[in-house]
Each structure stands twice: as C-alpha cells, then as structure tokens.
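# Chains, contacts and geometry: an overview
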Amino acid sequence: MDLYQYGWSDDFCGDDGIDLNSVARVISVHRGVYKMVSKAGELNGYLSGKLHHLAMEQGIAVGDWCVLSPSFIDEQNKAAALVEQLLPRRSKISRVASGTTSAEQVIVANVDYAFIVTSANADLNINRLHRYILLAEEGRVRPVVVLSKVDLMSDYLDTVDQLKQKFPNIEVVGVSAESSIGLDVLMSFIGEEGVSGVFLGSSGVGKSTLVNRILGRDIQATKTIREDDAKGQHTTTYRELFLMANGGMIIDTPGLREIQVFGDQQIMKSAFSKIEELGSLCKYNDCSHVNEPGCAILAALSSGELDSKEMASYQKLQREIEYSNRKMDKRYSSNQKKKWKTINQNMRKRRKFEGR
C-alpha cells in the first residue's frame, strides 16, 4: 500500500525518524476493533496495555496515524498488530461527548475538509450549521456547507445565495445525487492524492448517497425519504474512510444527535462574521451588547440590519463554549490528580517492597 496515497506526511513523525513499515492509518472503528491500512496491506489493530488510558481520554479515531507492533494472526485469522503509539494530529473534528462526562470525543482526525451536509427540505437549520462550522474551525478543518437533495427544490439557487449571505466566509455548494448537480464541485476539493474530506450532518440528509455517487459504487446502505415528515432515515452506523479513484479520500459518518461545542472563542468569527464585525464597531471594547451606549450590535438589532434570532444563537453558543470549557478544564485537573495519586502510590509500594 502507498501510505502517501492515504495522506501520510513525513511531518507526522517529527524528528523521530519512524520506520514506515510500522505505521498504519485507522480507516474504520467497529466494535472495539480498529481496521487499519499499512504498507503491508489491511490489518486489525488492537490497543496495547499502555494505550488503554490514552484511548479513554482522547480516543483513537478514523483518520489517526499510529505506530504498530510486529504483526501477528488474530482470532479472526487475519493480520493484526498492537497499537503502541498515537502520532500527533494535524487536524480533527471533535465535540464534547454526550452525557455528563464532559470529555472530548474525537470523531475523525487528520482531514482537510468538513462537508457539512444539510438537505434542501425540512432538515435545513441555520443554528445547527453554525455548530458544525465551529466544530470544523476549532479542529483546523476547512468547512464547506453542502445543500443536498436540491432536485427537490425549484429555486435551490435562492437558498444557496441565502446561505452564502449567512456564512460569507464559508463555501456553499448545492448538490443532488439523483441529477449529479454539484458533484464535480465536491470532488474538486478532494481531487488530489492524500487529500481527505469528511461528511458531517444529521441522519438522513443524504451523506451516504453522496459517498456512493462520488465513489461510483454502492458502498454505503441508503434509504429513501420518509413521506410523513420529509426526512431521511438513519443508515450509517460507524465511521469509515474510503479511497477514491483519483487518490483523494472521503469519510462517511453517522448522524450526530447532539453537537455540544467547546474551544477558543475566536472560532466564532467565521460562523458569525457579521456579528463579530459589528462588535468591533462598539464604543467600548468590553461591550456586553446589553444596554451600553454606542453599541453597534444593539443599533443593528433596532434597525433590523441584524436578525434577533441570529444574535440569540450567537449568545447561546458563547455561553455553551464557556460552560463546556470550564467543565473540561475541571475534568482534566481531576484526571491529572488521579494520575499522580496512582503514581505516588505505586512508588510507595515499590519502596516498601525494596525495603527502603
């Protein structure tokens, strides 16, 4: 296998000079088994003992590059190896894990583009698009909004224009898997060897259908739209990376039911560029946009230049990011204390055993 075709870069190994024969990329994760591709071909990856703690904290995701042990034959009678090291990521899509743990969940790693898919019917939701854009930009991935199923609309170009106005710094593409509209534009983003794109969006927006059309074969199962609510049906159950004929790669993902964001507040600038620009015009640098004199945002809301719903979404996401960051910082501190407590206990046991 040509690892450079799968996106390998010598930058991943830094100054360590890693042997490429021991390197592999994760192409799917299913029921605790990491399906990987190495120079020798595909194999199953299993976590070594020292990586279980790392996997619990960060996770090992589709797109990750790992260093493996020498290969062996596993219980499935397939080539396998132990994952001994997770190489540094150059980009990722991650979110706050659902539930009460406040942990970061890495969805995919080392990707170039995030194709944020929303269908041109009842699924279209501006607030949800804001969240996906924030996830992408926080992880150093370039977002592209994809309006799918445009064959169902007679005026889809108007909707594309509206989305471009909402997200002036983000590329918006209208596509249809049925009539092939816009597929060439999507493929142009990932038309070079080693470049990868991940499809993100709710269940049933047409991600798997687009993947099948781009690959030119039915790799992923698909279902038709439900007639009662005009929504698609959930089909993809796990994340998987596919190699395209031109050398690019695409990753299909299940729909995300919960998108809780975190990270640097600076990522709000692209998703809410208009609000950020207005905020820079306020009289006071620390303006809270509540009742201060000379507030450009309040003036824009009063004149109708700025939509109150968009402002409410902006403020809600700001509060959510602050809250998520606080919770994750507390969890990190707690984990560090537990880690050093365990280390100190082990050191005391060792001294006692050695009679010191």
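What you are looking at is a predicted structure, and each value in this text was computed from that prediction instead of being measured.

## Some words on the pattern of salt bridges
Taken as a whole and judged by the stated rule, the model has seven salt bridges. Of the charged contacts in the structure, one is a salt bridge between glutamate 171 and arginine 142, with a shortest N-O distance of 2.1 Å. You can see glutamate 171 sitting in strand β11 (residues 171-174) and its partner arginine 142 sitting in strand β10 (residues 142-148), a full 29 residues away along the chain. Residue glutamate 171 is classed as partly exposed on the basis of its relative accessible area of 31%.

## Here's the deal with the packing of aromatic side chains
Each aromatic ring pair is described using two quantities: the centre-to-centre distance and the angle formed by the ring planes. Per the stated rule, a full pass over the model turns up eight aromatic pairs. The interplanar angle of 75° and the centroid separation of 5.0 Å between the aromatic rings of tryptophan 8 and tryptophan 65 together place this pair among those described as edge-to-face. Here the residue tryptophan 8 occupies a position in the segment before β1 (23-30), and tryptophan 65 occupies one in strand β4 (residues 65-68), the gap between them amounting to 57 residues. Judged by its relative accessible area of 4%, tryptophan 8 is buried. Taking the relative accessible area as the measure of exposure, tryptophan 65 reaches 0% and is therefore buried. Where tyrosine 113 meets phenylalanine 115, the ring centres are 6.1 Å apart and the plane angle is 5°; that geometry is what we call stacked.

## Comments concerning the pairing of strand β9 (residues 113-119)
Among the seven residues in β9, seven count as buried, and that is most of the element. On β9, burial covers both faces: Tyr113, Phe115, Val117 and Ser119 on one face and Ala114, Ile116 and Thr118 on the other are all buried. Direction of pairing for β9 relative to β10: parallel, over a ladder of seven bridges. By the bridge assignment, phenylalanine 115 is partnered in β10 with valine 144. Taken together, the four bridges between β9 and strand β12 (residues 196-200) define a ladder with parallel strand orientation. Paired with phenylalanine 115 across the bridge in β12 is phenylalanine 199.

## Observations regarding the environment of asparagine 325
When you line up the elements, asparagine 325 lands in helix α9 (residues 308-353). Sequence separation of asparagine 325 and valine 261 is 64 residues, and the distance between their C-alpha atoms is 9.0 Å.

## Quick notes on the confidence of the model for the protein
Of all residues in the protein, 79% attain a pLDDT of 70 or more, and the chain-wide mean is 81. Per-element averaging of pLDDT across the protein places helix α1 (residues 52-57) at the bottom with 64 and strand β5 (residues 72-73) at the top with 95. Here residues 223-234 is a poorly scored stretch, pLDDT under 50, and it has 24 contacts once near neighbours within four places are set aside; other chains count. Under a pLDDT of 50 for its full length, residues 335-340 has, in the predicted model, one contact with residues more than four places off or in other chains.

## Focus on helix α8 (residues 296-303)
Those residues of α8 that fall on the buried side of the exposure criterion are Ala296, Ile297 and Ala300. Each buried residue of α8 lies within a common arc of 100° when the element is viewed along its axis, so the set occupies one face. Where α8 terminates, the next one or two residues include glycine 304, which has phi positive at roughly 90°.

## Description of the nonpolar core
Counting residues in hydrophobic clusters, the biggest one holds 61 residues, and the most contacted among them are Trp8, Trp65, Ile93, Val108, Leu134 and Val198. In terms of residue count, the dominant contributor to this core is helix α2 (residues 126-138) (six residues). Membership of the second largest hydrophobic core comes to 22 residues, among which are Val144, Val205, Phe242 and Met244.

## So, the environment of glycine 204
Inspection of the secondary structure puts glycine 204 in the loop between β12 and α5 (207-215). Separated by 87 residues in sequence, glycine 204 and valine 117 place their C-alpha atoms 9.9 Å apart.

## Digging into the pairing of strand β6 (residues 79-86)
Taken together, the four bridges between strand β3 (residues 41-47) and β6 define a ladder with parallel strand orientation. Its bridge partner lying in β6, tyrosine 46 is registered against leucine 82. Note: β4 against β6, three bridges, orientation antiparallel. The residue bridging cysteine 66 from the neighbouring strand is leucine 86, located in β6. Sheet analysis places β5 next to β6, joined by two bridges and oriented antiparallel. Residue phenylalanine 72 lies in a different strand from β6, and its bridge partner there is alanine 80. Counting the residues between successive antiparallel strands, the hairpin from β5 to β6 contains five residues, one of them, asparagine 77, with a positive phi of roughly 65°.

## Overview of unusual backbone geometry
Of note in this structure, arginine 140 is not a glycine but carries a positive phi near 60°. Mapped onto the elements of the fold, arginine 140 is located in the loop between α2 and β10. Given the relative accessible area of 56%, arginine 140 is considered exposed. Phi at serine 180 is positive, roughly 70°, even though this residue is not glycine. Among the structural elements, serine 180 can be located in the loop between β11 and α4 (183-189). Serine 180 sits in the partly exposed class, given a relative accessible area of 34%.

What counts, and at which threshold
- Residues numbered from 1 in each chain as written.
- Predicted model: local features only at pLDDT ≥ 70, side-chain atom pairs only at ≥ 80, totals over all residues.
- Heavy atoms only, no water.
- Salt bridge = Lys/Arg side-chain N within 4 Å of Asp/Glu carboxyl O.
- Helix = DSSP H or I, 4+ residues; strand = E, 2+ residues; numbered from the N terminus.
- Buried < 20%, exposed > 50% of the residue type's maximum accessible area, 1.4 Å probe, protein only.
- Phe/Tyr/Trp six-rings, centres within 6.5 Å; stacked < 30°, edge-to-face > 60°.
- Pairing = 2+ DSSP bridges.
- pLDDT = per-residue confidence, 0-100.
- Contact = heavy atoms within 4.5 Å.
- Arc of directions from axis to C-beta.
- Core = buried A, V, L, I, M, F, W, Y, C linked by side-chain atoms within 4.5 Å.

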